[in-house]
Amino acid sequence: MAVEVMEFEGILPAVYLRTGENRPSGFINMDPQEPGTLLDLAMQTVVKNESIALCAVEELPRELLIPLFNAAFTGGHKNIVKALVRMWPFSCLHVGALDNAESFCEILEAMLDGLQFFPVHNSSSWVPKLRILDLRQNADCKTTCFSFMNKFPFCNHACTYSQNSILKLQGANNDHSTSESQLSRPPMELLVDIYFDGSRGARRFLSYLRYKVDQSLGSLHLCCRDLQIEKSHDYRNIQKLLDMVCIDHLGMDQAYLSEVCIIFPHMANLSSINLSKIIFRSYKRKNFKMFLSHLSQLTDLQELSLSWFPLKNQLHKLLRVLSPNLAYLHLNFCDLTNKDFIYLSESLQAKNLKLLNLSKNQISWEDSLPLRILLDNLSGTLQQLEMNSCLITDLILSDFIPSLRHCSHLRVLSLACNPITMPVLRSLLQNLTHLTELKHVTYPIPVHCYEQWHFRDSLDEERLAEVKLEIRSMLWAAQRTDMKWSTSYE
Ligand SMILES: [Zn+2]
Ligand SMILES: [Zn+2]
């Protein structure tokens, strides 16, 4: 494809690649959802011969084009993928859970190459059926959304926010009089997740995206749902290319708070925010106040992750602007204090959390009361608690074990790198074996296993092996071999 690679000064975008866990390589996603079958094997054979496969694109019944696409995508057969996108007989096409570790960006570029824009009143009787091309890696997506009627909403993942979305342009919600044939060009959507990280390939991919938007003459809505920005300071080019209202996941790493505040106001539908190493001078200055003000407007916010974000004795300011629906809160390396734990235990916004991660806060514990109150408040919802490297001592842990016992939905507990002795570790295990949903515990290596706590080099492997053996025996005796106890080194 002859595309001029455009310059994005200071921005090096990349396709945001997520690798599904527990997914074997070469996994084939069939629609309807069936595991690998003889049909899969047949299609994998077909795509190995490109000329036969290209003929098959024209000849095969449309239902068989789905396994053919899956085989071509996972096998990295770009020309076949491109031909299939061009001829796709369904309204939507999702990459979904399909994996291709070797040439993922190239395959996505081939898909973009295949994307066609034609006016409805073309002299040719053939009109592309594809309206939504979804390049996001989302394990929950099928390759296409089956619909008995070819009417909107024909795709479960269509944009609902942008004024340039198919929904808004067709007026499908409130104006059924506007038929597709009345539009000079049928609106289309291109769904992507973008990670601006500096790689050359990703920069090239973003140029492809821009090229397709320009080529569509306004009929293509580029819909980014997940935007991750790393070490980037030029947000204006991003803002020009994307409609920020579509973004529901935002991640920013190594940026100034003033830069976060520049793009924040345009993202009204964020459900997840992940900010790391954000630089700002003072809690009293304008940027911090603006940041809190924008947070307060995000009523659908489900997840907030702040790391290397100094909040010493300031947590109450953050908590009081958060949505009470917040379910996932990560506050790693936030320099939290005992006082912040008191705020957290009293906060109405922290009453429905499913996940709480407070790791890497070196707290000078005055007493365990705030922590006990917090866990009691969360006993009906908490599924995951992480407090690694929080300087939790025997005394503090012994105090809050009774509260942990009542967290009946707890599935994951992580208390690595805290100075705990073996008797308290035993007590922890004995008190948690009745929690039937608890399956994964990362426990602190007891202090007696170290010459000097907690330097890895001073770890006595023999003593640690004895600890592991004892824990295995205790789990066996409690008939909880389904529960995995491990150290952070495993
Ligand atoms: Zn769909
Ligand atoms: Zn959109």
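Residues numbered from 1 in each chain as written. Chains lettered and ligands numbered in written order. Predicted model: local features only at pLDDT ≥ 70, side-chain atom pairs only at ≥ 80, totals over all residues. Heavy atoms only, no water.

Draft legend 1. Structural view of the overall build of the protein. When helices and strands are counted, the protein shows 16 helices and 14 strands. Relative to its full complement of 490 residues, the protein shows a buried share of 51%. Relative to all contacts within the protein whose residues are 6 or more apart in sequence, the contacts with residues 24 or more apart total 74%. When the accessible area of the protein is evaluated, it comes to approximately 23100 Å², of which 50% is carbon and sulfur surface. (Helix = DSSP H or I, 4+ residues; strand = E, 2+ residues; numbered from the N terminus. Buried < 20%, exposed > 50% of the residue type's maximum accessible area, 1.4 Å probe, protein only. Contact = heavy atoms within 4.5 Å. Areas by Shrake-Rupley, 256 points an atom, 1.4 Å probe, with all protein chains shown as cover.)

Draft legend 2. The arrangement of empty space enclosed by the protein in detail. With the rule as written, the count across this model stands at 2 cavities of 30 Å³ or more. Roughly 30 Å³ of internal volume is contained in the second largest cavity. Along the walls of the second largest cavity sit Val 85, Arg 86, Gly 114, Leu 115, Gln 116, Pro 128, Leu 130 and Met 188, which together make up its complete lining. Classifying every residue of the lining of the second largest cavity by side-chain character gives 5 nonpolar, 2 polar and 1 charged. (1 Å grid on protein atoms, 1.4 Å probe; cavity = no way out; pocket = protein on both sides within 12 Å on 5 of 7 lines; lining within 4 Å. Points joined across faces, edges and corners; volume = space filled by probe spheres on them. Nonpolar A, V, L, I, M, F, W, Y, C, P; charged D, E, K, R; others polar.)

Draft legend 3. View of the coordination of the zinc ion (ligand 2). The coordination sphere of the zinc ion (ligand 2) contains the protein donors Cys 159 (SG), His 221 (NE2), Cys 223 (SG) and Cys 246 (SG), at a distance range of 2.1 to 2.3 Å. Seen from the zinc ion (ligand 2), its 4 donor atoms lie at angles of 103 to 111 degrees, and the figure they make is tetrahedral. Counting gaps between the donor residues of the zinc ion (ligand 2) yields the pattern C-x61-H-x1-C-x22-C. On the criterion of sequence distance, the pair formed by Cys 159 in the loop between strand S3 (132–134) and helix H6 (166–170) and Cys 246 in the loop between helix H8 (236–241) and strand S6 (249–256) is long-range, its members being 87 residues apart. (Donors = N, O, S within 2.8 Å, 3.2 Å for Na, K, Ca; no water. Tetrahedral: all angles 85-135°; square planar, octahedral: opposite > 155°, others 65-115°.)

Draft legend 4. Just the coordination of the zinc ion (ligand 1), in detail. For the zinc ion (ligand 1), every protein donor is listed as Cys 92 (SG), His 94 (NE2), Cys 145 (SG) and Cys 155 (SG), and the spread of their distances is 2.1 to 2.3 Å. Each donor residue of the zinc ion (ligand 1) belongs to the same chain, with the gaps between them written as C-x1-H-x50-C-x9-C. Within this pair, whereas Cys 145 is found in the loop between S3 and H6, its partner Cys 155 is found in the loop between S3 and H6, the two being separated by 10 residues in sequence. On the basis of relative accessible area, Cys 145 is assigned to the buried category, the value being 14%. The buried category is assigned to Cys 155, whose relative accessible area is 5%.

Draft legend 5. Highlighting unusual backbone geometry. Residue His 454 is bonded to the preceding Trp 453 through a cis peptide linkage, with omega at -15 degrees. Relative to the helices and strands, His 454 resides in the loop between strand S13 (440–442) and helix H16 (461–477). Although it is not a glycine, Lys 360 adopts a positive phi angle of roughly 65 degrees. Mapped onto the fold, Lys 360 is located in the loop between strand S10 (355–357) and helix H13 (369–377). Taking relative accessible area as the criterion, Lys 360 reaches 35% and is therefore assigned partly exposed. Its identity as a non-glycine residue notwithstanding, Cys 417 has a phi of 55 degrees, on the positive side.

Draft legend 6. Region of interest: the packing of helix H4 (residues 78–87) against helix H5 (residues 104–114). The interhelical angle for the contact between H4 and H5, taken along N-to-C directions, is 35 degrees, at an axis separation of 7 Å. With respect to the hand of their crossing, H4 and H5 are arranged in right-handed fashion. On H5, the residues touching Lys 78, Val 81, Lys 82, Val 85 and Arg 86 of H4 are Glu 106, Ile 107, Ala 110, Met 111, Asp 113 and Gly 114. Residues of the contact of H4 with H5, tallied by class, amount to 5 nonpolar, 1 polar and 5 charged. (Axes fitted to C-alpha atoms, helices over the stretch in contact; angles between N-to-C directions. Left-handed = near helix turned anticlockwise from the far one by under 90°.)

Draft legend 7. Local environment of the nonpolar core. Residues Met 111, Leu 227, Phe 291, Phe 309, Leu 318 and Trp 485 are the most contacted members of the largest nonpolar core, which totals 133 residues. Among the elements that take part in this core, helix H3 (residues 62–75) stands out by supplying 7 residues, more than any other. Setting aside chain neighbours within four positions, we find Leu 227 in contact with Ile 194, Phe 196, Ile 238, Leu 242, Met 244, Ile 247, His 249, Leu 250, Gly 251 and Met 267. Cys 145, Ala 158, Cys 159 and Cys 246 belong to the second-largest nonpolar core, a separate cluster that totals 11 residues. (Core = buried A, V, L, I, M, F, W, Y, C linked by side-chain atoms within 4.5 Å.)

Draft legend 8. Main features of the environment of Ser 258. Among the secondary structure elements, Ser 258 is positioned in helix H9 (residues 257–263). The class for Ser 258 is partly exposed, based on a relative accessible area of 30%. Sequence separation between Ser 258 and Lys 286 is 28 residues; the distance between their C-alpha atoms is 9.0 Å.

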